[in-house]
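Coordinates in review
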Amino acid sequence: MAGRERIAVTGLGLVTSLGFDRERSFSRLCAGERGIGEVSLFDPSGLKSRIAAEVRGLDVRAIAPRGEAEDWSRSDALSFIAAREALAQAAHGFGAPLGLALGGTTGGMYETERALSAVLPGRIHPQDARRLLDFPLAVTVERVARALGNVGPTATVCSACSSGAVAIALGASWLLSGRASRVLAGGVDGLCQLTFTGFSALGAVDPEPSRPFDAGRAGLTLGEGAGCLVLELESSARSRGVPIIAFLSGWSVASEAHHVTHPEPSGTRAARVLSDAMAVAGLSTSDIDYVNAHGTGTVQNDAMEARALERVFGADVSRVWVSSSKAQIGHTLGAAGAIEAAITALSVSRGQLPPTAGLERPEAPALRHVRAPNQSAGLRAALSSSFGFGGACAVLAFEAPGAELRVSSRKLTAELVITGAASYGPAGVLSGAASARYLAESAVLPAQLPEPLSLLDPERSRRFSRASAIVVATAEGALRDAQHEAAETGFVVGSAFGDVDRSVRFLQKVLDQGPKFASPAEFPQLIASTGSGNASIYLGLTGPCLSVSEFGTSGQSAVSVAISLLELGQASALLAGAAEARDSIVDEVLGSDGSRGEGGGFVLIEDLPAALARGSVPLASIAEHHALRGAPGPVFAALPPPPGRACIVAGFLPLALASVLAKSPWRDVRLYSLPVTLGQHEAIGATALAVAVAEVASGGVEQALVITADVNLVYLTRLCRYETRP
Amino acid sequence: MDQTELKSRIKRALLEELDLRGRTEADIDDGAPLFGEGLGLDSLDALQLAMAIEERFGVSVPEGESSRAIFASVNAIAEHITRTKAG
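This text gives an overview of the structure that appears in the document. All figures in this text were calculated on a predicted structure; none of them were measured in a lab. (Residues numbered from 1 in each chain as written. Chains lettered and ligands numbered in written order. Predicted model: local features only at pLDDT ≥ 70, side-chain atom pairs only at ≥ 80, totals over all residues. Heavy atoms only, no water.)

**Re the side chain of Asp-607 of chain A**
Residue and element names in this part refer to chain A. Operational definition: Secondary structure is summarised from DSSP: a helix means a run of H or I of at least four residues, a strand means a run of E of at least two, and numbering begins at the N terminus for each. Throughout, exposure labels follow a simple rule: accessible area from a 1.4 Å probe, protein chains only, divided by the maximum for the residue type, with under 20% read as buried, over 50% as exposed, and the rest as partly exposed. Any two residues whose heavy atoms approach within 4.5 Å are treated as being in contact.
Mapped onto the elements of the fold, Asp-607 is located in strand 21 (residues 599-607). Classification of Asp-607 by relative accessible area gives buried; the value is 9%. Beyond its immediate stretch of four places on either side in the chain, Asp-607 contacts Lys-411, Thr-413, Glu-415, Leu-416 and Ser-572.

**Some thoughts on the packing of aromatic side chains**
All names here are of chain A. Where we set the bar: What counts as a ring pair is set by centres within 6.5 Å for rings of Phe, Tyr and Trp (its six-membered ring), and what kind of pair is set by the plane angle: stacked under 30 degrees, edge-to-face over 60, tilted for all other angles. By definition, being over a ring means that NZ of Lys or CZ of Arg is both within 6 Å of the ring centre and within 35 degrees of the ring normal.
Per the counting criterion, the structure on display carries nine aromatic pairs over all chains. Geometrically, the ring pair formed by Phe-199 and Phe-389 is tilted, given 5.5 Å between the ring centres and 40° between the ring planes. On the criterion of sequence distance, the pair formed by Phe-199 in helix 8 (residues 193-201) and Phe-389 in the loop between strand 14 (381-388) and strand 15 (392-399) is long-range, its members being 190 residues apart. The same class applies to Phe-199 as to Phe-389, namely buried. Grouping aromatic residues by their ring pairs yields a cluster made of Phe-199, Phe-389, Phe-506 and Phe-523. Positioned over the ring face of Tyr-110 is Arg-74, at 5.8 Å from the centre of the ring. Positioned above the aromatic ring of Trp-321, the side-chain terminus of Arg-368 is 3.7 Å from the ring centre.

**Brief notes about the interface of chain A and chain B**
The parts lose accessible area when they come together, and the size of an interface is often stated as this lost area. What counts here: Accessible surface is computed with a 1.4 Å probe, and the buried area is the amount of it that two parts give up when combined, taken over both parts together. Only one rule defines a salt bridge in this text: a Lys or Arg side-chain nitrogen within 4 Å of an Asp or Glu carboxyl oxygen. The nonpolar class holds Ala, Val, Leu, Ile, Met, Phe, Trp, Tyr, Cys and Pro. Asp, Glu, Lys and Arg form the charged class, and all remaining residues, Gly among them, are polar.
Counting residues at the interface gives 24 residues for chain A, matched by 18 residues for chain B. Of the roughly 1,600 Å² buried where chain A meets chain B, counting both sides, 49% is carbon and sulfur surface. The largest share of the area that chain A buries against chain B comes from Arg-462, Arg-463 and Phe-517 of chain A, three residues that together contribute 33% of it. Inspection of the region where chain A meets chain B yields six salt bridges. In terms of residue class, the side of chain A that touches chain B is made up of ten nonpolar, six polar and eight charged.

**What about the packing of helix 1 (residues 22-30) of chain A against helix 13 (residues 336-350) of chain A?**
Residue and element names in this part refer to chain A. Keep this limit in mind: For helices, the fitted line uses only the C-alpha atoms of the stretch in contact; every axis is such a line through C-alpha atoms, and the angle between N-to-C directions lies from 0 to 180 degrees. Relative orientations are named as follows: roughly parallel for angles under 35 degrees, roughly antiparallel for angles over 145 degrees, roughly perpendicular for angles from 65 to 115 degrees, and oblique for any other angle.
Contact geometry for helix 1 and helix 13: axes closest at 11 Å, N-to-C directions at 75°. With respect to helix 13, the axis of helix 1 lies roughly perpendicular. In this structure, helix 1 uses Arg-22, Glu-23, Phe-26 and Leu-29 to contact helix 13, whose residues at the interface are Ile-343, Leu-346, Ser-347 and Arg-350. Tallied by class, residues from the contact of helix 1 with helix 13 come to four nonpolar, one polar and three charged.

**Focus on helix 1 of chain A**
Residues and elements named next belong to chain A. Keep this limit in mind: Starting at the helix axis, one direction is taken to each C-beta atom, and the arc is that of these directions. In protein, a polar contact requires one atom able to donate a hydrogen and another able to accept it; more generally it is a pair of N or O atoms within 3.5 Å, and residues adjacent in sequence count only if both atoms are side-chain atoms.
Listing the buried residues of helix 1 in full gives Arg-22, Ser-25, Phe-26, Leu-29 and Cys-30. Seen along its axis, helix 1 keeps its buried residues to an arc of 120°; they face one direction. Its side-chain oxygen 3.1 Å from the backbone nitrogen of Glu-23, Asp-21 forms the N-cap of helix 1. The positive-phi residue at the C-terminal boundary of helix 1 is Gly-32, with phi of around 85°.

**Thoughts on unusual backbone geometry**
Residue and element names in this part refer to chain A. Here the residue pair Gly-152 and Pro-153 is connected by a cis peptide bond, since its omega of -5° sits within 30 degrees of zero. As for its placement among the helices and strands, Pro-153 is situated in strand 5 (residues 151-158). The residue Ala-91 is not glycine, and still its phi comes out positive at about 55°. Mapped onto the elements of the fold, Ala-91 is located in the loop between helix 3 (74-89) and strand 4 (98-103).

**Details of helix 3 of chain A**
Residues and elements named next belong to chain A. As a reminder of what qualifies: Given the number of residues in a helix, its expected span is that number minus one, multiplied by 1.5 Å.
For helix 3, spanning 16 residues, the distance from its first C-alpha to its last is 23 Å, which sits close to the expected 22 Å at 1.5 Å a residue. Of all 16 residues making up helix 3, 13 are buried, and the element is well covered by its neighbours. Immediately downstream of helix 3, the backbone of Ala-91 shows phi near 55°, a positive value.

**A closer look at the pattern of salt bridges**
Within this structure, the stated rule accounts for 52 salt bridges over all chains. We note a salt bridge from Glu-55 of chain B to Lys-509 of chain A, for which the minimum N-O separation is 2.9 Å. With Glu-55 of chain B in helix 2 (residues 43-57) and Lys-509 of chain A in helix 15 (residues 500-513), this residue pair bridges two chains. For Glu-16 of chain B, the salt bridge is made with Arg-56 of chain B, and the minimal N-O distance between the two is 2.8 Å. On the criterion of sequence distance, the pair formed by Glu-16 of chain B in helix 1 (residues 3-17) and Arg-56 of chain B in helix 2 is long-range, its members being 40 residues apart. Each of the salt bridges in this network shares a partner with another, and the network as a whole consists of Arg-22, Glu-23, Glu-85 and Arg-350 of chain A.

**Focus: the nonpolar core**
For clarity, the threshold we go by: In this text, buried Ala, Val, Leu, Ile, Met, Phe, Trp, Tyr and Cys residues form a nonpolar core when linked through side-chain atoms within 4.5 Å.
The biggest cluster of nonpolar side chains holds 95 residues, and the ones touching the most others in it are Leu-248, Trp-251, Ile-605 and Leu-719 of chain A. In terms of residues, this core owes the most to one element, helix 7 (residues 163-177) of chain A, which gives ten residues. For Ile-605 of chain A, the contacting residues outside a window of four places in its chain are Leu-416, Val-417, Ile-418, Val-559, Ala-562, Ile-563, Leu-566, Ser-572, Ala-573, Leu-574, Ala-576 and Ile-622 of chain A. Grouped together as the second largest cluster of nonpolar side chains are 44 residues, Ala-160, Cys-161 and Ala-204 of chain A together with Leu-44 of chain B included.

Without other data, these values stay purely geometric and don't point to any function.
The structure is reproduced here in structure tokens:
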């Protein structure tokens, strides 16, 4: 069974400020070189720091496929270079089946800023607005997928500075559950003014190159780049005769639920995540020889991380090598978790240790810092840590290719149920079966809705946007409906564009008044994982919390990713869904005909044995769930015949898909199309899921199909009434 | 600008910049501590406040420990603005 097999790393690709490829990046890294210099992409004057770890000489046009050169962002190009290199090493033939999971935070923000700088202050005209929406976070996966061919499943995840590591954990899940036979997983982030001015406003940047773990450290140095790993089951690598670089043997994703920018100072949660990743791998602290730390160079992160390492390793901490790569390649934010995972895999594979550059006076002398360049050591196993904004933690464990097979504590989940649901629409937050009213012929809706922010505690929801308020209020409704504790629960939220209005306001102020007026408190609310970070902190969710981006199917993609993380045993319960709020720029571009609405839905998806153990009666069972790229016909045709009472709830159903449905056994089943009554938006599919769960739970139907599609993507979820088993 | 008007503007800045929803100027005592026990503000709020004071009053706030004393209360902020403008 796949679930028991080891995951082999068979390809690595790296683009960093030290080089456009793996060998150059790694050898210069091990030699202690620093790829940091004055920023050339934009004018850094007026900022506390003028330096960054830029990838110099990136020629986007030379990388993009013919005909797409104008459309590609620097992030697209960076990720494609790393992807190509990793796939070549893994001897992956273009066109062979491949899952693709990328993490990131900035996407095409640099290009969006260029478009914005051409816009005059004041009202944004429609043609300008369109250019501001040209680079949603998910577009990179779409471009890379198109360039590679035959890619699926796909996902774009954002959990701030742990994004790249989370994408790799997701890839592991796809392999173990059989959703993919080979996966390209990684992270990418290009430099942009948003992050550059934002971190500067937070006082988190060092004017000099960063000095992780040094007593005199004064902040981080931003960087950019991409890292990609090719992952496949050991049996696949062996049968193909592809060399195994390392094993990805452990993973853990969780949240601190503490503060949007400050790490939890004791390092308790970080320590737990480190331990959990080792437990998944069946490794004990005595097996670990090296930790590639998050080590940003900020006072708070490094102190927290040193405490966490001391807590986990105890007396052994003086034996385990530790280094941070960020003093040489910068903090690459959403890419860091993947770039540093690739570095860690290379380290255990080759027994080479990259040093921490700039470390002169270690603050935590108990730690065994790698300080000399080109140091080698026999490494059996190593950890790569990522700790991001909003308390988003992820740790990956790698073992040397010759590692013996060990008994891991991996737990794979097979049967999932929905134990709580809530929707947000014209009737406000509706929990459980109440959302079924949206399927009634003439739903009576209140004339005036409460402002979403008024549903939350004002002190704990300061700076939440309207979208964040809807997300948190709806998720809270689903959690309450499930009568589930918040602790250990995770959260996966779909978001297509983020808060465009607010990001534009932040950037326009920077462009008009200068970077010194970049708002420090606004900046953390502008990254793609704001919704999940806010929800984690507000609701006290300490499981995996992340955002997922995928155009019109963002809500469905969040549900898919949540299911994969549950299958991977990363939590026993996850809130999944999405919500969209009115946004003047998005409405200008996509809703000029008045068809747009706002709202969304959340469900609590739970491992069945865990739900039963706490005495929950599930609202519905997830009988099947598919994320399809390409021809959906076979999956629809293979659906079991519908029971006597059934319905189909559609988020968005394109005509082409309606004709596929017409050839399926469900052709005569009553179909409800939600955008007709609730308006179109990117979270409508999440509303559809909450409404379908409500209809099943209320006993209106025995089964429901939930369908939402976009240009290349079709999501299909079949829900069944939960039957108590003898 | 007289002190009453200045303090009122400072309070408006606090309410808007720190998103203190559900509170009014009347809820903020001139001499009450803003951070920690007071309004429950943190270092992220301090950064935002420093930027806002420069933007709204044209007065910069030094970084680090000395900003702690300036942000002690509305009175202290008013004093800093008045003193800096006079100097």
